[in-house]
Amino acid sequence: MYGIEILVDEHKNIVEFCKSMKSMCCSIIEGEDVDANLVRECVAFGKTYADHLHHGKEEKILFKIMLEKLGPVADKLIRNGMLVEHDLGRLHMNELLEAADRYEKDPSTANKLDIITNASGYATLLNRHIGKEDEVVYTFAERALSAEDKERVDVETKEFDNDPENKANVAKYLEWFEGFRRKYPAW
């Protein structure tokens, strides 16, 4: 199923991004100066690549179709699980951005702690979340959706991915990520 294969591939990039963010946090703990602009770039990656481009496809396409077609089990799984976790990820990214702004004005230990806490919290949340999607949500969708609904997911995913602005953003953020990953390799 094309739509789910793309989501799984994007998960691999997001997991690697989370590992690099934790590596950045470790470097800060070990004494590296906080680069507030780099933290803002991490937030931009999280908000654009992970949230808009990836979660957007889940929420507007796959989850929407699952909610329409798969009844109370999908409703509980998606509304009380996946969407809540998407919102928690957004909270971490917003808090991380605010922490970077505060740190730039006041490079205190407390503001540094807020950067580390929210970056690490986001990474931990997304890693757990991705495991649940890959192992439970996506397998449920592949098993329970009709062939017609799977085709609808695939067609709508291709349309989303082929949008010129979305394609440009994917290229931009994956290029940025390659540099970030080289600077902060996973440990």
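Think of each chain on its own: its residues are numbered from 1, step by step along the sequence as written. Local features in this predicted model are restricted to residues whose pLDDT is 70 or higher, and side-chain atom pairs enter the listing and the counts only when it is 80 or higher, whereas totals over whole chains, interfaces and linings include all residues. For side-chain calculations, the full set of non-hydrogen atoms in the structure is used, while hydrogens and water are omitted.

Draft legend 1. Region of the structure containing helix H2 (residues 36-69). In H2, a bend of some 35 degrees at Phe63 exceeds every other bend along the element. Here a polar contact is recorded for every N or O atom pair within 3.5 Å, except that within protein the pair must consist of a potential hydrogen donor and a potential acceptor, and residues adjacent in sequence are included only if both atoms are side-chain atoms. Labels follow the DSSP assignment, with helices taken as runs of H or I lasting at least four residues and strands as runs of E lasting at least two, numbered in each case from the N terminus. Between the side-chain oxygen at the start of H2 and the backbone nitrogen of Asn37 there is a gap of 3.1 Å, and the oxygen is on Asp35. Positive backbone phi, at 70 degrees, marks Gly71, one or two positions downstream of H2. Working definition for bend: take the seven residues up to and ending at a residue and the seven starting at it, fit an axis to each, and measure the angle between the axes.

Draft legend 2. Representation of the packing of helix H1 (residues 2-29) against H2 within the structure. Where H1 contacts H2, the two axes come as close as 11 Å, and the packing angle between them is 155 degrees. By the angle class used here, H1 and H2 are roughly antiparallel. Two packed elements cross with a definite hand, and for H1 against H2 that hand is left-handed. For the pair H1 and H2, contact is made by Ile4, Ile6, Leu7, Glu10, His11, Asn13, Ile14, Phe17, Met21 and Met24 and by Leu38, Val39, Cys42, Phe45, Gly46, Tyr49, Ala50, Leu53, His54, Lys57, Glu58 and Leu62, respectively. Grouping the constituent residues of the contact of H1 with H2 by class yields 15 nonpolar, four polar and three charged. Only C-alpha atoms enter the line fits that serve as axes; for helices the fit covers just the stretch in contact. Angles between N-to-C directions range over 0 to 180 degrees. Oblique is the label for any angle not covered by the other classes, which are roughly parallel (under 35 degrees), roughly antiparallel (over 145) and roughly perpendicular (65 to 115). Here is the rule for handedness: rotate from the far helix to the near one, and if that takes an anticlockwise turn smaller than a right angle the crossing is left-handed, while a clockwise turn gives right-handed. Should any heavy atoms of two residues lie within 4.5 Å, those residues are considered in contact. Residues were grouped as follows: Ala, Val, Leu, Ile, Met, Phe, Trp, Tyr, Cys and Pro as nonpolar; Asp, Glu, Lys and Arg as charged; and all remaining residues, including Gly, as polar.

Draft legend 3. Representation of the pattern of salt bridges in the model. In the sections that follow, a salt bridge refers to a side-chain nitrogen of Lys or Arg positioned within 4 Å of a carboxyl oxygen of Asp or Glu. Taken as a whole and assessed by the stated rule, the structure comprises 16 salt bridges. The residue Arg79 makes a salt bridge to Asp75 at a minimum N-O spacing of 2.4 Å. Of this pair, Arg79 and Asp75 are both found in helix H3 (residues 71-105), four residues apart, which corresponds to roughly one turn of the helix. Judged by its relative accessible area of 44%, Arg79 is partly exposed. The partner of Arg90 in a salt bridge is Asp87, with the nearest N and O atoms 2.8 Å apart. Of this pair, Arg90 and Asp87 both sit in helix H3, separated by three residues, roughly a single helical turn. Burial here depends on accessible area, computed with a 1.4 Å probe over protein chains only, as a share of the maximum for the residue type. Under 20% is buried, over 50% is exposed, and the range in between is partly exposed. A residue is classified by how much of its surface remains accessible, and Arg90, at 25% relative accessible area, is partly exposed. Here the salt bridges share partners, and the residues they tie into one network are Asp51, Glu59, Asp87 and Arg90.

Draft legend 4. Representation of the UniProt feature "domain: Hemerythrin-like" (unreviewed entry) in the protein within the structure. UniProt positions are given in the numbering used here, feature names are shortened, and annotations may be inferred rather than shown by experiment. As recorded in UniProt, the sites labelled "domain: Hemerythrin-like" (unreviewed entry) are residues 3-140. What you have in residues 3-140 is 93% helix and 0% strand, and the ends, taken at the C-alpha atoms, are 14 Å apart.

Draft legend 5. Local environment of a nonpolar patch on the surface. Residues with no salt bridge and a relative accessible area higher than 30% make up the patches, which join like charges within 9 Å and nonpolar side chains (Val, Leu, Ile, Met, Phe, Trp, Tyr) within 5 Å. To measure how exposed things are, a 1.4 Å probe is used in the Shrake-Rupley method; for residues, cover is taken only from the protein chains shown. Together, Val84, Leu88 and Leu91 make up a nonpolar patch on the protein surface, roughly 240 Å² of accessible area in all. Among the structural elements, Val84 can be located in helix H3.

Draft legend 6. Region of interest: H1. For H1, spanning 28 residues, the distance from its first C-alpha to its last is 41 Å, which sits close to the expected 40 Å at 1.5 Å a residue. Just downstream of H1 lies Gly31, where phi reads positive at about 115 degrees. A helix is expected to span 1.5 Å multiplied by its residue count minus one.

Draft legend 7. Representation of the environment of Ala50 in the model. Locating Ala50 in the fold gives a position in helix H2. We classify Ala50 as buried; its relative accessible area is 0%. Separated by 40 residues in the primary sequence, Ala50 and Glu10 have C-alpha atoms spaced 8.0 Å apart.

Draft legend 8. Spatial organisation of the side chain of Asn166. Positionally, Asn166 belongs in helix H6 (residues 164-183). In this structure Asn166 comes out as buried when scored by relative accessible area, which is 8%. Those residues in contact with Asn166, other than ones at most four positions away along the chain, are His52, Leu53 and Phe160.

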